[in-house]
Amino acid sequence: MINFARATVGTLMLSAAWTGVHAQPAGPQPAEPTSAQDAATAPAAAAAAAPADEEADPNARDIIVTGSRTPKAVDKIPGAITVITPAEVQRSLTITEDNTAILAKTVPGYSESNQTLNTLGETLRGRAALYLFDGIPQSTPLRDGSRNATFTDMSIVERIEVIGGASASEGIGAAGGVINYITKRATRDGLHANIGGRFGSQGRDDSEIWGIKGDVSYKGGDFDIFAAAAYVDRGATYDARGRRIGLSASSSLADTTQKNFFLKAGYEFGESQRIEATGNYFRLASKGNYYYVAGVRPPPGTDQTTGIPDTSVRGTLLVNGQDVIRTEFNEFKQAALNYSNTDLAGGSLVATLYYARQSMRFGGENTDDRQDPLIAPIGTLVDQSEINSKKYGLRTSYTLPEFVTGLEVRLGIDAVYDNTEQRLALTDRVLVPPLKYTSFGPYAQLSYDLGPVTFTGGIRHEDGRVKVDDYNTLFRRNRAFVEGGTLKYKNDLLNGGVIARLGGGFSVFAAYSEGFTLPNVGIPLRNINTLGQTVEGIVDLQAVIFENKEIGANWRGSWGSFGGSYYRSYSKLGATLSVDPATLDFVLNRRPVRITGFDATAEIKPTPWLRFNGLYSYVKGVTSRSNNVTTPLDVQLGITNIAPEKLNLTATVLPMDDLSFSLGMDKTMDRTVRTGTTVTERTKGRTLFDATVGYRIEGVGTVSLAAENLFNKFYFLAFSQIDFFQNYFAGRGRTVTLSLRSDF
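The text that follows walks through the structure, step by step, so that each part is easy to find. (Residues numbered from 1 in each chain as written. Predicted model: local features only at pLDDT ≥ 70, side-chain atom pairs only at ≥ 80, totals over all residues. Heavy atoms only, no water.)

### What to know about the overall build of the protein chain
So, point 1. A count of helical and extended segments in the protein chain gives four helices and 40 strands.
So, point 2. Burial statistics for the protein chain: of 744 residues in total, 61% are counted as buried.
So, point 3. Across the protein chain, the fraction of contacts at a sequence separation of at least 24, relative to all contacts at a separation of at least 6, is 70%.
So, point 4. On the protein chain, roughly 26,800 Å² of surface is accessible, and the fraction owed to carbon and sulfur atoms is 59%. (Helix = DSSP H or I, 4+ residues; strand = E, 2+ residues; numbered from the N terminus. Buried < 20%, exposed > 50% of the residue type's maximum accessible area, 1.4 Å probe, protein only. Contact = heavy atoms within 4.5 Å. Areas by Shrake-Rupley, 256 points an atom, 1.4 Å probe, with all protein chains shown as cover.)

### Quick word on the packing of aromatic side chains
So, point 1. Applying the stated criterion across every chain, the model contains 17 aromatic pairs.
So, point 2. An aromatic cluster is built from Phe133, Phe151, Tyr181, Phe226, Phe262 and Phe332, whose rings are joined through pairwise contacts.
So, point 3. The ring of tyrosine 567 is capped by arginine 125, whose NZ or CZ atom sits 3.8 Å from the centre of that ring. (Phe/Tyr/Trp six-rings, centres within 6.5 Å; stacked < 30°, edge-to-face > 60°. Lys NZ or Arg CZ within 6 Å of the ring centre and 35° of its normal.)

### Quick word on the sheet that holds strand S26 (residues 533–534)
Pairing between sheet strands relies on hydrogen bonds along the backbone, with the strands arranged either parallel or antiparallel.
So, point 1. The three strands lie next to each other as S22-S23-S26, forming an open sheet whose pairing is mixed. Of all strands in the sheet, those bounded by a partner on one side alone are strand S22 (471–472) and S26.
So, point 2. Pairing between S22 and strand S23 (residues 481–483): two bridges, direction antiparallel. Paired with asparagine 472 across the bridge in S23 is phenylalanine 481. (Pairing = 2+ DSSP bridges.)

### Digging into empty space enclosed by the protein
So, point 1. Taken as a whole and assessed by the stated rule, the structure comprises 13 cavities of 30 Å³ or more.
So, point 2. Counted as a void, the second largest cavity has a volume near 340 Å³.
So, point 3. Together, 28 residues line the second largest cavity, and Ile209, Arg234, Thr237, Leu253 and Arg732 are the ones closest to its centre. (1 Å grid on protein atoms, 1.4 Å probe; cavity = no way out; pocket = protein on both sides within 12 Å on 5 of 7 lines; lining within 4 Å. Points joined across faces, edges and corners; volume = space filled by probe spheres on them.)

### Re the nonpolar core
So, point 1. Ranked by size, the top nonpolar core spans 28 residues in total, and within it Leu103, Tyr110, Tyr131, Met154, Ile160, Ile179 and Tyr181 carry the most contacts.
So, point 2. Of all the secondary structure elements, the ones that give two or more residues to this core are helix H2 (86–95), helix H3 (99–106), strand S3 (129–133), strand S5 (157–164), strand S6 (177–183), strand S9 (223–234) and strand S17 (347–365).
So, point 3. Sequence-distant contacts of methionine 154, defined by excluding residues within four places in its chain, comprise Val89, Leu93, Asn99, Ile102, Ile160 and Tyr181.
So, point 4. One finds Tyr489, Leu518, Val521 and Val535 within the second-largest nonpolar core, a separate group that totals 23 residues. (Core = buried A, V, L, I, M, F, W, Y, C linked by side-chain atoms within 4.5 Å.)

### So, the pairing of S9
So, point 1. Two elements, strand S8 (residues 209–220) and S9, share twelve bridges in a ladder whose sense is antiparallel. Its bridge partner being in S9, serine 217 is matched across the sheet by phenylalanine 226.
So, point 2. Linking two consecutive strands that pair antiparallel, namely S8 and S9, is a turn of two residues; a positive phi of about 60° is found at glycine 221 within it.
So, point 3. Across twelve bridges, S9 lies against strand S10 (residues 256–269) in antiparallel orientation. When the bridges of S10 are listed, valine 232 appears paired with glutamine 258.

### Regarding the pattern of salt bridges
So, point 1. Summed over the entire model, instances satisfying the criterion amount to 39 salt bridges.
So, point 2. Between aspartate 98 and arginine 732 there is a salt bridge whose closest N-O contact spans 3.5 Å. Residue aspartate 98 is located in the loop between H2 and H3, and its partner arginine 732 is located in the loop between strand S39 (701–708) and strand S40 (735–743); the two are separated by 634 residues in the primary sequence. Assigned by exposure class, aspartate 98 and arginine 732 land together as buried.
So, point 3. One salt bridge in this structure joins aspartate 743 and arginine 188, with 3.4 Å as the shortest N-O distance. Of this pair, aspartate 743 sits in strand S40 while arginine 188 is found in the loop between S6 and strand S7 (190–201), placing the two residues 555 residues apart along the sequence.
So, point 4. Arginine 188 sits in the partly exposed class, given a relative accessible area of 23%. (Salt bridge = Lys/Arg side-chain N within 4 Å of Asp/Glu carboxyl O.)

### Brief notes about a nonpolar patch on the surface
So, point 1. Together, Leu191, Val216, Tyr218, Phe223, Tyr267, Ile275, Leu337, Leu353 and Leu394 make up a nonpolar patch on the protein surface, roughly 790 Å² of accessible area in all.
So, point 2. Looking at the element boundaries, phenylalanine 223 is found in strand S9. (Patch = residues over 30% accessible without salt bridge, like charges linked within 9 Å, V, L, I, M, F, W, Y side chains within 5 Å.)

### A look at the environment of leucine 615
So, point 1. Along the chain, leucine 615 falls in strand S32 (residues 610–623).
So, point 2. By relative accessible area, which is 4% here, leucine 615 ends up buried.
So, point 3. Between the alpha carbons of leucine 615 and valine 107 there is a distance of 7.9 Å; along the sequence they are 508 residues apart.
So, point 4. Apart from the residues lying within four places of it in its own chain, the contact partners of leucine 615 are Lys105, Thr106, Val107, Pro108, Ala600, Thr601, Lys646, Leu647 and Asn648.

Next up, the structure:
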């Protein structure tokens, strides 16, 4: 795990770990607010960069991971956790409303944002990440539609905790790590209200983005409540040359409306107990004003940044005389009930019940895979694919801080039921049958302090099964009958690590962890086109087990910090996606995968009013040449799985308490991908800048002005430089945004 010690106005890189089952994130927050929570609701947190007093003390030894089930000093955990602080969330929101763009700017190992709803190719350390909302899973590994990263309005998010590397801490799905969005709650006594608005534009026709957001909080005695609502309206987006950017086949952020309603209420009783309920509703939907038009991609093997990018045109799209434009949306509903007791038989207990319902509807199409002559003449049938997922779960943790002197013991069990399916929504046809997944995951974790050295180790037993009923594939797949069945998955997942505190702010660590996930089961199930197939007989559905090894070192001092780590992740039977050139459909590849990488962060604070932050990441992945071939691993993985090398730098100036300036640089490098000695992919990097200025006006609020892509650089997204399906997009040109947030 990354071992960085960085407590800043920007990203806070803590010396913490998510090793196997260790330090699992909780849902609702602890009874006592943390300093970070106080900062989240303080008026100054709305500034583009926070004042110096909001910063955590870089020399403090008691920094804790508040999203963990049991708070623990981070300098006693081998590994790292990246916390995007409240101030950094606010700064990012002044620049963009793009959720994954925030991750790309602040998290080592996270890919460049696609700038759409589609996250295909967006990975963490070369593998898919598990997205959580207060500990509630948002990802659907059984049928990953690459749409799960946009599930809430960021105005209700206090901070984001990111755990890099394969982890079993949350059961399935955390192949590349865990990204947990921690929401706000009432932390100040009395009644408080915030209202904010933003208006941004690229200076082009219908390029405006505007929104209004507000929240009300009350805390009195043992009761607290926090309620929030938000609305965002987005127009079209343009590249730096003034060409309207095309709409993704998997849905876009452009030309959409977004609304969010959030409620969190808590009650403390006795001297150590708290119960808390949380609910959230989010919906992002297309307005249908534009349709996709292909550009001109250069021939294969040539510079892919010299063509004419895909665009979008206002109006109605007619295909074979049929209007195929339909409303696309992400709709996420979730609720949780949390109970905590910090003094139960000498230990602390946290238990969370949750429910989540997620719907992701894609665009209208009348392509070959949508046709059925029993419904309409070939070429005339318009339909929309929709992924629906229902989740119920229980998460528990009981911790004895001093089982014996120096030894902490944590025990718990997680249970989940996940029912995910994909249908053609307008005709109610089965594309992927319901995948009914149940899992029980008991775990135990130990942590032992021996002077300046801490040893950790644990085990999680994952006992899951996927039940699939009999079904028939679509007309395009010959209406093949597939016999259902139950797939069983049982694995014991281990973790261990050691961290040594050397003095003078230095520490070193080594860690080992195992992760577990299931492949994108829906892909092979929907692609079956021959008779006699059974669910239990498809080798593609075997589990993916990851081994993650990491070493690292960090230093923290009064004038700055530095941290770096090297990691290696291996799966004997990995899961990667490619596109069938004949059908243009996804194909699931099951081959061994080895990923290696290096992450680094640094901060320099030469004066109290000036600071510089930087992060760097390099990732490389290799696999074999075909399925069922284990050696050699000489096929380099490309942009669909592995992000190019990146370097991000930020300078922040705080000339006075109420005024802040920041300038950021976001750079990705050129890369050449090879199979053996044959070049299979080339991508060109780019260097972008952004800037913010924030000023707090007494009695009014905080006014912020921000510019994304400050110098209006024309570039192609890295994922657009490979020939996928309708993906030849240039990046966003300069966008200027003015925002105001007032506190009453």
